[in-house]
Amino acid sequence: MATSNSKQKFDAVIVGAGFAGLYQLYCLRKIGLTARVLEAGEGIGGTWFWNCYPGARCDVESFDYSYSFSKELEQEWEWSERYAPQGEILRYINHVADRFDLRKDIQLNTRVQQAIFNETTNCWTVMTESGEVFESTFCIMATGCLSIPQKPSINGLDSFKGELYFSNAWPKETVHFAGKRVGVIGTGSSGVQMVPIIAEQAAHLTVFQRTANYSVPAQNEPVSKELAREVKAHYEERRARGREAITGQYLSANEVSALEVSSEERQAEFEFRWRGAGGGFRMLRAFSDLLRDKTANKYAAEFIASKITNIVQDPAVAEVLIPKPDLPFGTKRLCVDTNYYETFNRPNVELVDIKASPIKEITPHGLCTQEREFELDMIVLATGFDAMTGALMRIDIRGIGDKRLKDKWAEGPRTYLGLAISGFPNMFVITGPGSPSVLSNMVHSIETHADWITACISRIRERGYARVEADGNAEDKWVDHVNEVANRTLYPVGNSWYVGANIPGKPRIFMPYVAGVPAYRKIIEEVAQKDYDGFVFS
Ligand code: FAD
């Protein structure tokens, strides 16, 4: 056990033990580096460790939302459903840790508080909340894009005497809803996943909705033995198709404009993606211009509105659930559900529009909106995350000249390729802002980044350099490019966590890179081929 004064030395410190931290560790070991993964949680798995609320599951199909680096792993693992539930994904991650003997280099219950670059030694000094100190040449941030919960600042929150849960810090013990009056605040992906399950068990469920978002049916189903055999027989081709798709997962994208077809054809295409064809994110690829052209986008929005009107029996409730025109379709993460809209036909479920009548306060026995009082036994907060920058901004990261990342990013995040930050040498970020990240199949993007970082580190070591840093001009150009590409789409229009709109005071910047996974991969591969163009070695 280290004392607070002794420094533990490694070639690399990796912060975070989710999909990203684990694979980065695996890669660095392969090139002979010593590495230590530091993880705040008491278990590995990141997202899938923390978010164990009822109904939590992936919305990218499990055959794609899984590591591709080991053909044996691909063949061995059995996914039970098209979209695996949280518990199964967590078992998978634990299986990976055991199978590749990763645990011995992972330290749990360890929150990193500070990381300071030493310009003399070209090393990072990483300090934890409990006072442990690590020194490493490289510091790799695998801290996650959705790992910092956004706790709403509602008056009286701490005064509530009933049970209070956060979707992203859900207890490991079973939570019992039976016989209780439950309130769920938040209707993003987590809220949409949990509402149908809680509704089946609770005496009464009140759903507090601020923003109506678009949700499409997952069409989830068990994976049959035949399907598993078929996928495994052609896994390589499936992965290759995924790599060439804009989001890193094959969704049979339609290259035709929504404006070029008749209304019957348009309707048929939307219907096909809603009902057949596997459901889920395929809706986003129904036409080539849904996220570029306002009229095309409106067609998709109208289609989903018509579905809501058909499913939800009470027209007044349907009206509240229909997204408003200031939120174009797909500009906030599309929700993928099982029976979400149907749930509002249950007699024990009520929808409350807190945009029209905001929450005034939480009381010891419930919640008051401006219009009404609600008595509740349990409140569930599904209020999202300080996305993409939250985890990094909470660490006191200091680079050259003691410059703090918090200051550098005060007006919004700036990176080169979403991988490195000028002024912060020997530091890499996995799926950082400025990369496809949360717009993609994240496991694919994580593997791409960890492979790239590993190759870059190999290069530094082969050449006997001590340090690599993103050049400031290259970073400026990249930031301009990321913004320019985003501004050609409708994405920045929506008030979403992609632009930080859910966090009061957060600078409004569209954070992910929208040009797509294949275009992005080509760019970073070319950068590497041109001897890491835009990076300075010394
Ligand atoms: P994470 O899994 O978030 O892991 C980061 C880890 O870093 C966390 O365990 C955290 O505790 C730790 N950490 C952070 N700061 C510190 C610190 N200072 N010190 C120590 N440790 C720290 N993506 C998809 O592509 N498809 C999906 O279907 C999908 N479904 C999702 C469902 C939910 C409910 C959520 C919340 C996210 C989902 N995502 C999905 C996004 C998901 O976050 C990524 O797919 C992926 O799991 C990210 O892995 P990661 O290792 O990068 O980050």
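Residues numbered from 1 in each chain as written. Predicted model: local features only at pLDDT ≥ 70, side-chain atom pairs only at ≥ 80, totals over all residues. Heavy atoms only, no water.

**Student:** For the layout of surface pockets, give the residues involved together with the corresponding values.
**Tutor:** Taken as a whole, the second largest pocket holds about 580 Å³ of empty space. Lining the second largest pocket are 31 residues, with I246, R285, S288, R292 and V514 positioned closest to its centre. Looking at which domains feed residues into the lining of the second largest pocket, each of domain 1 (8–147 + 387–537) and domain 3 (217–329) gives three or more. (1 Å grid on protein atoms, 1.4 Å probe; cavity = no way out; pocket = protein on both sides within 12 Å on 5 of 7 lines; lining within 4 Å. Points joined across faces, edges and corners; volume = space filled by probe spheres on them. Domains from an automatic or database assignment.)

**Student:** Go over the pairing of strand β5 (residues 123–128), please, and point to the residues and values.
**Tutor:** Counting buried positions along β5 yields 5 of 6 residues, so the element is predominantly enclosed. Pairing geometry for strand β4 (residues 112–118) and β5, over 6 bridges, is antiparallel. Across the sheet, the residue bridging to F117 is W124, located in β5. Pairing analysis gives 4 bridges linking β5 to strand β6 (residues 133–141), with the strands arranged antiparallel. Across the sheet, residue W124 finds its bridge partner in β6, namely S136. (Buried < 20%, exposed > 50% of the residue type's maximum accessible area, 1.4 Å probe, protein only. Helix = DSSP H or I, 4+ residues; strand = E, 2+ residues; numbered from the N terminus. Pairing = 2+ DSSP bridges.)

**Student:** Got a sec to walk through the site of the ligand? Specific residues and values, please.
**Tutor:** The full set close to the ligand counts 33 residues, and E39, T47, D59, Y65 and M442 are the nearest of them. A distance of 2.9 Å is found between an oxygen atom of the ligand and a backbone nitrogen or oxygen belonging to A20. The backbone of V112 places a nitrogen or oxygen atom 2.8 Å from a nitrogen atom of the ligand. Taken by itself the ligand offers 980 Å² of open surface, and the protein chains cover 96% of this. Broken down by secondary-structure element, the contributors of at least two residues to the shell around the ligand are α1 (19–30), α2 (47–50) and α14 (442–463). Here the shell around the ligand gets 3 residues from one element, more than from any other, and that element is α2. Split by residue class, the shell around the ligand holds 18 nonpolar, 11 polar and 4 charged. (Near = heavy atom within 4 Å. Polar contact = N/O pair within 3.5 Å; in protein donor to acceptor, adjacent residues only side chain to side chain. Areas by Shrake-Rupley, 256 points an atom, 1.4 Å probe, with all protein chains shown as cover. Nonpolar A, V, L, I, M, F, W, Y, C, P; charged D, E, K, R; others polar.)

As far as function goes, none of this settles anything; it's purely spatial.
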